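Structural characterization, general
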Amino acid sequence: PSRVFPGAKDAYLRGRLYLGMLAVGSWVMCSVFLLTTSWLESCHQWLIQSGAPEITALSLILCGFYLLQAPLDWLGGYWLPRRCGMSAYISLHGYGVAVLKHAILLMGSITTLHLVGRHAGLPAAWGVLIFLLALGVQSQHVLARWLGNLESTTGPKETDLFLYMATDPAFSGGISGWPGRERIIVNQAWQGVLKSDGMVWLKERRRRAVRSGLRMTGLLWAIAWISLSFVFAALLAGFPGDDGMATLRLLLYGVFFHFGGLLLLPTLSRRGSIALDRSAPSIDNQSPRTRGWIASMTLLTDGEEQRSPWIERIFHPLPSMTNRLSPQVGSDWGAWNATRYMLFLSTLAGGLLSRSVHCNLGRPELWIMPPVD
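Attention in this report is confined to the structure presented alongside it. No experiment lies behind these values; they were computed from the predicted model shown. (Residues numbered from 1 in each chain as written. Predicted model: local features only at pLDDT ≥ 70, side-chain atom pairs only at ≥ 80, totals over all residues. Heavy atoms only, no water.)

Looking only at helices and strands, the chain features 13 helices and four strands. What you see for the chain is a C-alpha radius of gyration of 21 Å, in line with the 21 Å of a compact globule of 373 residues. Along the first, second and third principal axes, the C-alpha set of the chain runs to 70 × 50 × 40 Å. By the burial criterion, 55% of the 373 residues in the chain qualify as buried. Sequence-distant contacts, at least 24 apart, represent 72% of the contacts inside the chain between residues at least 6 apart. Carbon and sulfur atoms make up 64% of the accessible area of the chain, which totals about 16,100 Å². Counting 32 positive and 22 negative side-chain charges, the chain places the averaged centre of each group 4 Å from the other. (Helix = DSSP H or I, 4+ residues; strand = E, 2+ residues; numbered from the N terminus. Rg over C-alpha atoms; globule rule 2.2 N^0.38 Å. Buried < 20%, exposed > 50% of the residue type's maximum accessible area, 1.4 Å probe, protein only. Contact = heavy atoms within 4.5 Å. Areas by Shrake-Rupley, 256 points an atom, 1.4 Å probe, with all protein chains shown as cover. Lys, Arg positive; Asp, Glu negative; His and termini not counted. Charge placed at Lys NZ, Arg CZ, Asp CG, Glu CD.)

This is the structure we're talking about:
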């Protein structure tokens, strides 16, 4: 095993950010290359001429996504943490199973949209996408448990609470479900850091996100971004078409729109986090215990005490510890967790960036529920 060295944590956080930039940038450049050359079309035609049915040809090309993603996952989930003296987040068997499950989810969504679009047109495909997004919102916690192989644990008899045990300490849980059927998801392993009082505070904080409307605002931003991105990408790609090429172009154009979401939505998410902090009674929000819990959550989710303003503005939907604890930070027009709801939901629209960002690259337990505050 690697030895821990001075500054290993800072080196890990910097390395993770650079790997996320590399992964997202690679997919953007790959999309540019494939859209401006005939390489993808030639590959598709070769498969069809070889006798592969349309759906089979589409699926085989999509397998290339997983082949290209694998070395990036290895860097983020194994090489970097081991180099910095930490435990790896993936094993060969666990990673293989998680990739298979992710492929079922991604390819199932793409195939459904392809078939509906081809036989019923773009409006019908858009309607099916809205249905898939609605289903995804309601079942996010189920999908997270299934894909991440999370263990369900027993706890207090609270009807809106689900406790999962994750091996990745950055698994934060979140909020799953539509209004009236919300489920508060908490990582039981955090009990050792936050203790009983801190876990009670965390659960109440997430219930306050529901009551305040901040969670719903973030969810609606994510749904709007994904659904509109789908329409614009479809128009650019000529989707639906007579064959799978239009669907492949749709996915590639979608990369650009989802990349735009990664740049613009973090500001809304950070403001939503701070607004949620400020919504607590002032005496509670400024108490040493509460500030200690906020600091612990920041560290658990691989956050940082302080960042460059520009780095945080572009890359981080979760504010640094200093910004969360600073009373001078504004918090208007916030949308809690908008960015990472968008990441998850993009999978159901054929998004190729949903597990390439710095927070979950090579970390299967975070592919469906990336870290939230």
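With mixed pairing, four strands are arranged side by side in an open sheet as β1-β2-β4-β3. Strands at the two margins of the open sheet, each flanked by one partner only, are β1 (151–153) and β3 (174–176). Each adjacent strand pair in this sheet contributes to an overall mean axis angle of 35 degrees, direction not counted. Alignment of strand β2 (residues 161–165) against strand β4 (residues 183–187), held across four bridges, turns out to be parallel. The residue of β4 that forms the bridge with tyrosine 164 is asparagine 187. Contacting β1, β2, β3 and β4, helix α5 (residues 122–148) crosses the sheet at an angle of about 125 degrees to β3. (Pairing = 2+ DSSP bridges. Axes fitted to C-alpha atoms, helices over the stretch in contact; angles between N-to-C directions.)

Relative to the helices and strands, asparagine 360 resides in the segment after α13 (338–347). Residue contacts for asparagine 360: discarding those within four places in its chain leaves Ser354, Arg355, Leu366, Trp367 and Pro370.

Here we come to the packing of aromatic side chains. Scanning the entire structure with this criterion turns up 10 aromatic pairs. With 6.4 Å between their ring centres and 65 degrees between their planes, tyrosine 253 and phenylalanine 256 make a pair best called edge-to-face. Residue tyrosine 253 and its partner phenylalanine 256 are both found in helix α8 (residues 244–278); the two are separated by three residues, about one turn of the helix. Relative accessible area serves as the criterion here: at 22%, tyrosine 253 is assigned to the partly exposed category. (Phe/Tyr/Trp six-rings, centres within 6.5 Å; stacked < 30°, edge-to-face > 60°.)

Bringing the side chain of threonine 339 into the picture now. Looking at the secondary structure, you find threonine 339 in helix α13. Among the residues examined, threonine 339 registers a relative accessible area of 3% and is labelled buried. Excluding residues that lie within four positions of it along the chain, threonine 339 makes contacts with Leu262, Leu265, Pro266, Ser269 and Pro317.

A few words now on the nonpolar core. Among soluble globular proteins, nonpolar side chains are generally buried collectively. Counting 107 residues, the largest nonpolar core has Phe171, Phe230, Phe239 and Leu345 as its most contacted members. Ranked by the residues each element gives to this core, the list is headed by α8, at 12 residues. (Core = buried A, V, L, I, M, F, W, Y, C linked by side-chain atoms within 4.5 Å.)

With that settled, the discussion passes to the pattern of salt bridges. All told, the structure shown has 15 salt bridges when counted by the stated rule. Its salt-bridge partner being glutamate 158, residue lysine 203 comes within 3.2 Å of it at the nearest N-O pair. Of this pair, lysine 203 sits in helix α6 (residues 191–212) while glutamate 158 is found in the loop between β1 and β2, placing the two residues 45 residues apart along the sequence. Looking at glutamate 158, the relative accessible area reads 24%, which means it is partly exposed. (Salt bridge = Lys/Arg side-chain N within 4 Å of Asp/Glu carboxyl O.)

We now examine the pairing of β4. Among the five residues that make up β4, four are buried, leaving the element largely enclosed by the rest of the structure. One ladder, built from three bridges, connects β3 with β4; its direction is antiparallel. Residue pairing for β4: isoleucine 175 is matched across the bridge by isoleucine 184. Between β3 and β4, which pair antiparallel one after the other, the connecting turn spans six residues, and glycine 177 there sits at a positive phi close to 110 degrees.

Here the focus is the pairing of β2. For β1 and β2, the ladder comprises three bridges, and the chain directions are antiparallel. Of the residues in β2, the one forming a bridge with serine 152 is tyrosine 164.

Let's shift gears to a nonpolar patch on the surface. Taken together, the side chains of Leu263, Leu264, Trp310 and Ile314 define a hydrophobic patch exposed on the protein surface, amounting to about 410 Å² of accessible area. Tracing the backbone shows leucine 263 in helix α8. (Patch = residues over 30% accessible without salt bridge, like charges linked within 9 Å, V, L, I, M, F, W, Y side chains within 5 Å.)

Let us now look at the packing of helix α1 (residues 8–36) against helix α3 (residues 54–83). For the pair α1 and α3, the least separation of the axes is 10 Å and the interaxial angle reads 175 degrees. With respect to α3, the axis of α1 lies roughly antiparallel. The residues of α3 that touch α1, namely those facing Tyr12, Gly15, Arg16, Leu19, Leu22, Ala23, Trp27 and Cys30, are Phe65, Leu68, Gln69, Leu72, Leu75, Gly76, Leu80 and Pro81. Tallied by class, residues from the contact of α1 with α3 come to 12 nonpolar, three polar and one charged. (Parallel < 35°, antiparallel > 145°, perpendicular 65-115°, else oblique. Nonpolar A, V, L, I, M, F, W, Y, C, P; charged D, E, K, R; others polar.)

With respect to the element layout, methionine 297 can be found in helix α10 (residues 288–300). Assessed through its relative accessible area of 2%, methionine 297 is described here as buried. As for methionine 297 and glycine 94, which are separated by 203 residues in sequence, their C-alpha atoms are 26 Å apart. Not counting chain neighbours up to four residues away, the residues in contact with methionine 297 comprise Trp190, Trp201, Leu202 and Asp373.

What follows covers the environment of alanine 103. Checked against the element boundaries, alanine 103 lands in helix α4 (residues 92–120). Separated by 40 residues in the primary sequence, alanine 103 and cysteine 63 place their C-alpha atoms 8.4 Å from one another. Apart from residues no more than four positions distant in its own chain, alanine 103 is found in contact with Tyr66 and Gly108.

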